[in-house]
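# Coordinates in review
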Amino acid sequence: RKEVEQDPGPFNVPEGATVAFNCTYSNSASQSFFWYRQDCRKEPKLLMSVYSSGNEDGRFTAQLNRASQYISLLIRDSKLSDSATYLCVVRVNFGNEKLTFGTGTRLTIIP
Amino acid sequence: DAGVTQSPTHLIKTRGQHVTLRCSPISGHKSVSWYQQVLGQGPQFIFQYYEKEERGRGNFPDRFSARQFPNYSSELNVNALLLGDSALYLCASSLIPSGRPYEQYFGPGTRLTVT
């Protein structure tokens, strides 16, 4: 079983729609959770950290369910510029900063 | 402020050669991590260095080595290159300790092609 699993997509969504991604992780000792976005042939960019209480940043909402070991990302009122690959990322504190990435979910917003 | 910088941007090598990749972290960041990303996959952790000491190592062969310098910049070295080493090599820096939980910021990467 992969440490972090995501639906690879692709998700093709009309502009203005709401889209949700889910991600599961296998290590219950995971302590930190993130969503990164990655544009084609570019580096991953931190979109948001995910907190236990859930958090929102503009059109983006992230949720964490530790009991079920899954993380979600909701994008409301999607824009063309949201087209990218979204990477679910977890960190287990083994005394280092190793991040474990999912394979990513590819999102395309259609005009 | 300048972000994480990496050099070179692109590199083409032949099998068996050696390569050195370089990274400069964000000013004030003391931790540098290296990741390998092959096409269609998420980045895979190779090394982390903090205050010039290795803090973590991923599941990569001994052909991969790294070091961190007193100015917190870092080098990743790969010996005896294989075709499978072709990938985007990413460097990330973070501020320890941080008010945000271990957020890492990535450089633009070095795209290595082994022929």
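The structure this text deals with has already been given above.
Note that the structure is a prediction, hence the values are computed from the model and not measured.

### Remarks on the overall build of chain B
Helix and strand counts for chain B come out as zero helices and eleven strands. Order of helices (α) and strands (β) in chain B, N terminus to C terminus: β-β-β-β-β-β-β-β-β-β-β. By the compact-globule yardstick of 13 Å for 115 residues, chain B fits well, its C-alpha radius of gyration being 14 Å. The principal-axis extent of the C-alpha atoms belonging to chain B is close to 45 × 25 × 25 Å. Buried positions account for 50% of the 115 residues belonging to chain B. Of the accessible surface of chain B, which amounts to about 5600 Å², a share of 50% is contributed by carbon and sulfur atoms. When the 11 basic and 8 acidic side-chain charges of chain B are each reduced to a single mean position, those positions are 5 Å apart.

### Some remarks on unusual backbone geometry
For the peptide bond that leads from Gly9 of chain A to Pro10 of chain A, omega is 10 degrees, which places it in the cis range. Tracing the chain through its elements places Pro10 of chain A in the loop between β1 (4-6) and β2 (11-14). Here the bond from Ser7 of chain B into Pro8 of chain B is cis, since omega is -10 degrees, no more than 30 degrees from zero. Relative to the elements of secondary structure, Pro8 of chain B occurs in the loop between β1 (5-7) and β2 (10-13). Backbone geometry at Gln69 of chain A places phi at a positive 60 degrees, although glycine is not the residue there. Judged by relative accessible area, which is 17%, Gln69 of chain A ranks as buried. Even without a glycine there, the phi angle at Ala80 of chain B is positive, about 45 degrees. Looking at the element boundaries, Ala80 of chain B is found in the loop between β8 (74-78) and β9 (87-94).

### Examining the pairing of strand β11 (residues 105-110) of chain A
Sheet faces and side chains relate simply in a regular strand, where the side chains alternate between the two faces. All names here are of chain A. Burial along β11 is one-sided: the face carrying Thr105, Leu107 and Ile109 is buried and the face carrying Arg106, Thr108 and Ile110 is not. Sheet analysis places β2 next to β11, joined by four bridges and oriented parallel. Across the sheet, residue Val13 finds its bridge partner in β11, namely Ile109. For strand β9 (residues 84-92) and β11, the ladder comprises three bridges, and the chain directions are antiparallel. In the sheet register, Thr85 faces β11, and the bridge partner there is Arg106.

Analysis parameters
- Residues numbered from 1 in each chain as written.
- Chains lettered and ligands numbered in written order.
- Predicted model: local features only at pLDDT ≥ 70, side-chain atom pairs only at ≥ 80, totals over all residues.
- Heavy atoms only, no water.
- Helix = DSSP H or I, 4+ residues; strand = E, 2+ residues; numbered from the N terminus.
- Rg over C-alpha atoms; globule rule 2.2 N^0.38 Å.
- Buried < 20%, exposed > 50% of the residue type's maximum accessible area, 1.4 Å probe, protein only.
- Areas by Shrake-Rupley, 256 points an atom, 1.4 Å probe, with all protein chains shown as cover.
- Lys, Arg positive; Asp, Glu negative; His and termini not counted.
- Charge placed at Lys NZ, Arg CZ, Asp CG, Glu CD.
- Pairing = 2+ DSSP bridges.

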